[in-house]
Amino acid sequence: MAQFLLLIGPTYLIALALLLNWAYGWFDSFLPFTRNLHFRYISGMIFTVFALLMPAAFFLAAGRVQMFFRRVGYMTVVVVIYLSMFVFAATVVLWIVQRVIGHFHPDRIYCEVTDSNDMVKRTKRPLWGPWTYRILGTLIIGAVMNVAVYGQHHARDIQVHRYETTVGKSGGNIDRMKVVLIGDLHLGYNAGPELMEQMVTKINAENPDIVFVAGDIFDNQWSAVREPERTEENLAGIKAKYGVYGVMGNHDVEDNLIFGFNFSAGRTNLTDSRYLEFCEKAGIKILSDEVVTIDDSVYIVGRLDREETGNESQTRLSSAELIEKLDKSKTIIDLEHEPADVETLAAEGYDFLMAGHTHAGQYFPITLGMDLIWYNAWGYRTCDNLQTYVTSGVGCFGPYFRTLTDSEIMVIDIYFKEKQ
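Every chain begins its residue count from 1, and numbering advances along the sequence as written. Given that this is a predicted model, residues contribute local features only at a pLDDT of at least 70 and side-chain atom pairs are listed and counted only at 80 or more, while totals for whole chains, interfaces and linings are drawn from all residues. Hydrogens and waters are ignored; side-chain quantities use all the structure's heavy atoms.

### Focus on the sheet that holds strand β6 (residues 244-247)
On the basis of which strands lie adjacent, the open sheet formed by six strands has the order β3-β16-β4-β5-β6-β9 and mixed pairing. Looking at strand neighbours, the two that pair on one side only are β3 (159-167) and β9 (284-286), the edges of this open sheet. Averaged over all pairs of adjacent strands, the angle between their axes in this sheet comes to 25°, without regard to strand direction. Should DSSP find at least two bridges between two strands, the strands are taken to pair. In this description a helix means any DSSP run of H or I spanning at least four residues, a strand means any run of E spanning at least two, and both kinds are numbered starting from the N terminus. Sheet topology places strand β4 (residues 176-182) next to strand β16 (residues 408-416); six bridges connect them, and they run antiparallel. Residue pairing across strands places Arg176 opposite Tyr415, the latter belonging to β16. Orientation is described by lines fitted to C-alpha atoms, with helices fitted over the stretch in contact, and by angles between N-to-C directions that extend from 0 to 180 degrees.

Rendered as structure tokens:
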């Protein structure tokens, strides 16, 4: 991750400098006084302070100030990303238009200017002229603001996505099992009791048989969890016939993040005991490389996270070790945080993989690369006889913001039908 920071840090600073220069051009097209150096110094400092709130939070002690820096700072990063994308796209379009017009009507693109020696030279008109800044720049800024508002609102609106499937094994005493899969709650400076209350209401409306929580229940800092007692009560209100089972994810350890990533290379991050106490009070049975049997008919294999086990002395068992003594004629569900090693799970005889972690990319343009990283980045996909379900999550990683993805609850109706 340190190498990643060395790449993203300078890139982010270069983007800030270019955007600030572009913003001055936009201001200047409306108000001549913005060319004043005092205005530029003050506005530049304000812009820079907001843009650096998020990385600055890394150096602050956990608490309300750090929480404010993270929340505001992450949204500033989103604005920087989308503003950079829109300005870049507009610049490319302007360049193409200028080339096309220049080819057919060169006199409209070139103009004559007189230099200090009274020499007349022919030069290209700038891509971003005053009227271009006024019209196109205003449209870009308006679009970015609308995307920012929409993305925050959309992230708070949990959707319910339903699936129906059949497994070619007997369910024993169970003919049909309605599973609710949730994950990536990220309780902390983003998600709080209000979001959990909405989630629990929608889960209970489905009348599930069992609920799975696919990790990242927390967001790396217990101190950031808002109103933990109220949130515990909300989660304890989930009603499911066979209960609520969960696993821990890579964010369910105490750690300080920068740009939303862990940079504590070589250090074991531990799961705060208050995380486990919270889950117990909330009615979530955490499985750490453990197997439970539902109604003596269906196995649930809950696994430690592949990145962060949360315990210095505990290592993650292999998927083969966990099921070597199980009855393969019964349905086996692998519950874990990351949807990895899909082909291995399929070869070893697992029937289902239920996971989270990916957030389906959470927001554009990150959404574009997820299918290149994961066998199943979101939704439903099969691998031989293995059925995989990956949720985009309830909460958000980094900015409380979503575009082209949903905060979701997955409802999966599983019908058991033994092969003849």
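### Things to note about unusual backbone geometry
At the junction of Phe364 and Pro365, the peptide bond is cis and its omega measures out at 15° in the coordinates. Structurally, the position occupied by Pro365 is in the loop between β13 (352-355) and α11 (370-373). Although it is not a glycine, Asn207 adopts a positive phi angle of roughly 50°. In this fold, Asn207 is placed in the loop between α6 (193-205) and β5 (210-214). Of note, the phi angle at Asp216 is positive, near 50°, even though the residue is not glycine. Summarising the element assignment, Asp216 is placed in the loop between β5 and α7 (228-236).

### Overview of the sheet that holds strand β15 (residues 386-390)
Strand order across the open sheet formed by six strands is β10-β11-β12-β13-β15-β14, with mixed pairing between neighbours. Of all strands in the sheet, those with a lone pairing partner are β10 (290-294) and β14 (379-383), marking the two edges. Taking each pair of neighbouring strands and ignoring which way they run, the sheet shows an average axis angle of 20°.

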